[in-house]
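# Analysis of the macromolecular model
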Amino acid sequence: MIRFFPSEDCLKRTFRSNPNYTVVICDRLSNSIKESLGKLVEESDCFGILQPSDSSTLSIKTICRETALLFYILKVPGQLPNYLLSEPSINPERLISQLILDDILEVEIEGNFTSGLQAYQLLFSKSGALTTSEKPEYNTEGISYEALVYGQEFINEDISKLGRRLYFYNRRPSTKKWLKQLKSSNDVNSFLGLLPEQPNHKLVHRYWYESTQNSNKYWVFRRSKKDDFFEENSSLDGYKLYFNPTCEYLYQTLSELTEILFHCRAYAFKYGGNAYGMLRPDKFVAYFQTKDDLFLALEKLQKRFYGVPAQELPFTATVDPTGLLSWGIDPPNSSRTSLLWHSCSWRSWVTERLSAVLIKWHHQPDPKVEPWQFALAHVSLDGINITTWIPEQTIWN
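Residues numbered from 1 in each chain as written. Predicted model: local features only at pLDDT ≥ 70, side-chain atom pairs only at ≥ 80, totals over all residues. Heavy atoms only, no water.

### Looking at the overall build of the chain
Convention followed: Starting at the N terminus, helices and strands are each numbered in turn, a helix being any DSSP run of H or I of at least four residues and a strand any DSSP run of E of at least two. Relative accessibility thresholds used throughout: buried, under 20% of the residue-type maximum; exposed, over 50%; partly exposed, between the two (1.4 Å probe, protein chains only). Any two residues whose heavy atoms approach within 4.5 Å are treated as being in contact. All accessible-area figures derive from a Shrake-Rupley calculation using a 1.4 Å probe, and residue coverage is judged against the displayed protein chains alone.
Counting secondary structure elements, the chain contains 15 helices and 15 strands. A total of 397 residues make up the chain; the buried ones form 52% of that total. Taking the contacts inside the chain whose residues are at least 6 apart along the sequence as the reference set, 68% of them involve residues at least 24 apart. As presented, the chain carries roughly 19,300 Å² of accessible surface, and 49% of it is formed by carbon and sulfur atoms.

This is the structure in structure tokens:
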């Protein structure tokens, strides 16, 4: 399985701030930079940016007050300050590894200061190298790795194109047959047996109503008829359950699926509104307010639909060996800023970060390190378990 372990001695070295960066606080940013960064500079913990020198290939980075303080301290090369190493709320090994891989700090190796990909071998010990020698326990772990290996073939593209390649990986081909059969949401409803007088209509409409406010040309949304759920205009936040059958099997499972979701207190679900939406792995997504409700539904659905052919979905937390069921949690509103997407979901959040790191490898190639290895190292430091793709509790802090 894929694992990550930073090397034990990464905190014992001499460090310095990257001399190719200059700190610029928020109220001294130019209007053009503020406009390009958008909501990133409006976040409450944003102190300012790291502005790269004209001669470097570095990118602008937003930083918090604590990172700015450490950056100022290490303008004079030296060991890490004691306050950082003794603070119980900080994992210094992870933090420093992040700052080095992000080229914010440099570490001294054999008399030279280095960062980013060149420091990879120091940060990742031989015993903790990222490997795929063991057979993945879950198919979705394998599909995530496959998506990254596929993505590294396109690291000369921009972040937008590469991010979408990762996000839509394992979507079935949009053949003429499917494009003709599923042109619109009405075609999809007919395909799923949801039109009046069709088999799935009565039971699904017993528990759910179509949300015209949330539905669009890409998705059809339905909300629970339970009286204690939010109003129609509330946002779709919380935990997400992904039901990932092949397209043909969603019709057969829909009535029982939606009944189980209702009784397990899902408050909404959506499904693809045309051929493109129905051919992607995450063609059906349900929303929950609590993790307990989510896991109860996952348990019941796993027992009921064991053996249903799955279309594995990368970069989600799996609960069964086939990849039929998985889950995720969207970033809170304060963390939903995205350069690629109008709204930032769990998978778009992950794939945006992965694509950025793959492209970074392209600008600093190292034949000793595969691009996918470098990408996994980065997101594991962000707080993502790269075996299960489950986020840590503190990931959004």
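### Here's the deal with helix H13 (residues 291-304)
The line we're drawing: For a helix, the expected span equals 1.5 Å multiplied by the residue count minus one.
Taking 1.5 Å as the rise per residue, H13 with 14 residues should run 20 Å; its terminal C-alpha atoms sit 20 Å apart, in good agreement. Looking at the buried side of H13, the elements it contacts are strand S9 (239-243), helix H11 (247-263), strand S11 (284-288) and strand S13 (325-329).

### Points about the nonpolar core
The line we're drawing: For our purposes a nonpolar core is just a set of buried Ala, Val, Leu, Ile, Met, Phe, Trp, Tyr and Cys residues, chained together by side-chain atoms within 4.5 Å.
Among the nonpolar cores identified, the biggest contains 62 residues, and Ile-96, Leu-354 and Trp-389 are the most heavily contacted of them. In terms of residue count, helix H14 (residues 346-363) provides more of this core than any other element does, eight residues in total. Leu-182, Val-188, Ala-266 and Phe-288 belong to the second largest nonpolar core, which has 42 residues in total.

### Points about the confidence of the model for the chain
Using the following cut-off: A residue's pLDDT is simply how confident the predictor is in it, with values from 0 to 100.
Chain-level pLDDT for the chain is 85 on average; 85% of the residues reach the 70-or-more range. When pLDDT is averaged over each helix and strand of the chain, the minimum, 75, is found for helix H5 (residues 120-123) and the maximum, 97, for strand S1 (residues 15-17). Residue range residues 126-136 is modelled with pLDDT below 50. Its contacts to residues more than four positions away, or to other chains, number 22 contacts. Segment residues 336-342 is flagged for pLDDT under 50; beyond a separation of four residues in sequence, or across chains, it makes 23 contacts in the model.

### Focus: helix H7 (residues 159-167)
Threshold: This arc is built from the directions going out from the helix axis to the C-beta atoms.
Buried within H7 we find Leu-162, Gly-163, Leu-166 and Tyr-167. Across the axial projection of H7, the buried residues extend over an arc of 140°, all falling on one side.

### Some details on the pairing of strand S5 (residues 105-109)
Note the following rule: Only strands that DSSP links by at least two bridges are regarded as paired with each other.
Both S1 and S5 contribute to a ladder of three bridges, which runs antiparallel. Among the inter-strand pairings, Ser-17 is bridged to a residue of S5, identified as Leu-105. For S5 and strand S6 (residues 112-114), the ladder comprises three bridges, and the chain directions are antiparallel. Paired with Glu-108 across the strands is Phe-113, a residue of S6. Turn length for the S5-S6 hairpin, with the two strands adjacent in sequence and antiparallel, is two residues, and the turn residue Glu-110 shows positive phi of about 50°.

### Side note on the packing of aromatic side chains
Spelled out, the test is: The aromatic pairing rule takes the rings of Phe, Tyr and Trp, using the six-membered ring of Trp, and pairs them if the centres are within 6.5 Å, calling planes under 30 degrees apart stacked, those over 60 edge-to-face and the rest tilted. As a reminder, the over-ring test applies to NZ of lysine and CZ of arginine, requiring each to be within 6 Å of the ring centre and within 35 degrees of the ring normal.
Counted according to the given criterion, the structure contains 18 aromatic pairs. Seen from their ring centres, Trp-208 and Phe-269 are 4.8 Å apart, and the 75° between their planes marks the pair as edge-to-face. On the criterion of sequence distance, the pair formed by Trp-208 in strand S7 (residues 208-210) and Phe-269 in strand S10 (residues 266-272) is long-range, its members being 61 residues apart. Taken individually, Trp-208 and Phe-269 each receive the classification buried, so the pair is uniform in this respect. Through successive ring pairs, a cluster of aromatic residues spans Tyr-207, Trp-208, Phe-243, Phe-262, Phe-269, Tyr-271, Phe-284 and Phe-305. The ring of Trp-178 has Lys-177 lying over it, and the distance from NZ or CZ to the ring centre is 4.7 Å.

### Quick word on the packing of H7 against H14
Rule in force here: Each axis is a line fitted through C-alpha atoms, and for a helix only the stretch in contact is used; angles between axes span 0 to 180 degrees, taken between their N-to-C directions. Just so you know how the angles are binned, under 35 degrees is roughly parallel, over 145 roughly antiparallel, 65 to 115 roughly perpendicular, and the rest oblique. For a crossing to be left-handed, the near helix must be turned anticlockwise from the far one by less than a right angle; the clockwise case is right-handed. Gly falls in the polar group here, along with every residue not listed as nonpolar (Ala, Val, Leu, Ile, Met, Phe, Trp, Tyr, Cys, Pro) or charged (Asp, Glu, Lys, Arg).
Direction vectors running N to C along H7 and H14 enclose 125°, while the axes themselves pass 8 Å from each other. Of the possible angle classes, the one that applies to H7 and H14 is oblique. The hand of the H7/H14 crossing is right-handed. Between H7 and H14, the contacting residues are Ile-159, Leu-162, Gly-163, Leu-166 and Tyr-167 on the first element and Arg-347, Ser-348, Thr-351, Glu-352, Leu-354, Ser-355, Ala-356, Leu-358 and Ile-359 on the second. Tallied by class, the residues present in the contact of H7 with H14 amount to eight nonpolar, four polar and two charged.

### Some words on the side chain of Ser-255
Within the secondary structure, Ser-255 is located in helix H11. Overall, Ser-255 belongs to the buried group, its relative accessible area being 14%.

### Considerations on the pattern of salt bridges
Keep this limit in mind: Here, a salt bridge means any Lys or Arg side-chain nitrogen found within 4 Å of an Asp or Glu carboxyl oxygen.
By the definition in use, this model includes 11 salt bridges. Among the salt bridges present, the one from Arg-172 reaches Glu-248, with a minimum N-O distance of 3.1 Å. Residue Arg-172 is located in the loop between H7 and helix H8 (176-181), and its partner Glu-248 is located in helix H11; the two are separated by 76 residues in the primary sequence. The salt bridge involving Asp-293 is made with Arg-265; its shortest N-O contact spans 3.8 Å. You can see Asp-293 sitting in helix H13 and its partner Arg-265 sitting in the loop between H11 and S10, a full 28 residues away along the chain.

### Some details on the sheet that holds S5
Spatially, the three strands line up as an open sheet ordered S1-S5-S6, and their pairing is antiparallel. Since the sheet does not close on itself, it has two edges, and those belong to S1 and S6, each with one partner. Geometrically, the sheet is characterised by an average inter-axis angle of 35° between neighbouring strands, direction not taken into account. Helix-sheet contacts for helix H4 (residues 92-101) involve S1 and S5, and the interaxial angle to S5 is about 95°.

### Observations regarding the sheet that holds strand S4 (residues 61-64)
Where strands meet in a sheet, backbone hydrogen bonds hold them as pairs that are either parallel or antiparallel. Taking strand neighbours across the sheet as the criterion, the three strands line up as S2-S3-S4 in an open arrangement whose pairing is antiparallel. Each edge of the open sheet carries a strand with a single partner, namely strand S2 (21-25) and S4. Mean inter-strand twist for the sheet, computed between neighbouring axes without regard to direction, equals 35°. Across the face of the sheet, helix H2 (residues 65-73) comes into contact with S2, strand S3 (46-52) and S4 while running at roughly 95° to S4.

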